Amino acid sequence: MAPVLRIDFDLHQCFLNIFAATLTFSNVIDTITMALADLIQKITVLNEEQLATVISCFKSVVVKRKEQLLEHGAIANRLFFINKGCLRLYYCNNDQNIITRFMAFENTFLTSIVSFISREPSAEYIQAVETSELLVITYEDFSYLRRTIPEWDKMYIHILEYGLTVITSKLSNLLTQSAADRYRNLLKNNPELIQRLSNSNLAAYMNISPETLSRLKSQI
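As the structure is a prediction and not an experimental result, all values here were calculated from the model.

(A) Structural context of the nonpolar core. Grouped together as the largest cluster of nonpolar side chains are 38 residues, with contacts concentrated most on I40, L87, F109 and W152. Once residues within four sequence positions are removed from consideration, F109 is found in contact with L36, L39, F58, L79, F80, F81, A104, M155 and I159. In this structure, V129, A179, A203 and L213 belong to the second largest nonpolar core, which totals 17 residues.

Written out as structure tokens, the structure reads:
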């Protein structure tokens, strides 16, 4: 007769292990989506079920420094929420010079908004300036939320208004402030960016040449 194989099985301990693993997984998900959920709750009035539906539409991705997230001529099909890192939106002018339109940091959204809305090819690029942790929603899922959760339109309006405000403010600064004034304001209001960004990216952020930035750093 073949020997009987005995397996000690503690059912109670097994359930405890499963619960612990589930709790850990839940905590990771909460950590990843916490900033996004907080922002959504500040802008909208969603019940728990609606908020869970919204959060489930966002997928967590990590992108490497200099990774391209949108190419010129492609339709912007994704909206990015930045948990950690920095993305830049840029284009090439007729002289093939790279012009940075916008840089987005933690707790902000970014896409090529005209392409995202119109479904037309983008005139812009999106690139990761740093290795970045993102939450990503597709155009299809974003549109689904607008159809099924009317309150989600408040988030849509917030994204549009934020983009318009930032672009208008940047244009105003370019027209009314010197490069030195813009650098002083950066030192006063966002000094961490000077440490965080390379000279080339900081110059692009300020819409000045790297040579001008180096001169300002030595003088101010």
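Let us keep going from here.
(B) Seen up close, the environment of M206. Structurally, M206 can be placed in helix α8 (residues 199–206). Relative accessible area serves as the criterion here: at 4%, M206 is assigned to the buried category. Expressed as a C-alpha distance, the spacing of M206 and R101, which sit 105 residues apart in the sequence, is 10.0 Å. Apart from the residues lying within four places of it in its own chain, the contact partners of M206 are L174, A179, R182, Y183, L186 and L213.

(C) Representation of the confidence of the model for the protein chain. Confidence along the protein chain averages 85 in pLDDT terms, with 86% of residues attaining 70 or more. Note that residues 4–9 has pLDDT below 50 and, in this model, 1 contact with residues that lie over four places away or in other chains. The model gives residues 15–29 a pLDDT under 50, and that stretch makes 0 contacts with residues more than four places away or in other chains.

(D) Structural view of the sheet that holds strand β3 (residues 78–84). Taken together, 4 strands build an open sheet; the order of strands is β1-β8-β3-β6 and the sheet is antiparallel. Every other strand in the sheet has two partners, leaving β1 (59–63) and β6 (109–110) as the edge strands with one partner each. With 5 bridges joining them, β1 and strand β8 (residues 132–138) adopt antiparallel strand pairing. By the bridge assignment, V62 is partnered in β8 with E133. Relative to the sheet, helix α4 (residues 139–148) contacts β3 and β8, its axis offset from that of β8 by approximately 60 degrees.

(E) Up close: unusual backbone geometry. You will see that R119, though not glycine, has its phi angle at about 65 degrees, which is positive. Among the secondary structure elements, R119 is positioned in the loop between α3 (113–118) and β7 (125–128).

(F) Geometry of the packing of aromatic side chains. Within this structure, the stated rule accounts for 8 aromatic pairs. When the centroid spacing of 6.4 Å and the interplanar angle of 70 degrees are considered together, the rings of F102 and Y162 count as edge-to-face. Of the two residues, F102 is situated in strand β5 (residues 98–104) and Y162 in helix α5 (residues 153–176); the sequence distance between them amounts to 60 residues. With relative accessibility at 13%, the residue F102 sits in the buried group. For Y162, a relative accessible area of 34% gives the class partly exposed.

(G) Local environment of the sheet that holds strand β2 (residues 68–70). Taken in spatial order, the 4 strands make up an open sheet running β2-β7-β4-β5, and their pairing is antiparallel. Taken across any chain shown, the strands that pair with only one partner, and hence form the sheet edges, are β2 and β5. Between one strand axis and the next, the sheet turns through 30 degrees on average, direction left out of account. As paired elements, β2 and β7 share 2 bridges and run antiparallel to each other. What sits directly across from L70, in β7, is I126.

Cut-off values and rules
- Residues numbered from 1 in each chain as written.
- Predicted model: local features only at pLDDT ≥ 70, side-chain atom pairs only at ≥ 80, totals over all residues.
- Heavy atoms only, no water.
- Core = buried A, V, L, I, M, F, W, Y, C linked by side-chain atoms within 4.5 Å.
- Buried < 20%, exposed > 50% of the residue type's maximum accessible area, 1.4 Å probe, protein only.
- Contact = heavy atoms within 4.5 Å.
- Helix = DSSP H or I, 4+ residues; strand = E, 2+ residues; numbered from the N terminus.
- pLDDT = per-residue confidence, 0-100.
- Pairing = 2+ DSSP bridges.
- Axes fitted to C-alpha atoms, helices over the stretch in contact; angles between N-to-C directions.
- Phe/Tyr/Trp six-rings, centres within 6.5 Å; stacked < 30°, edge-to-face > 60°.

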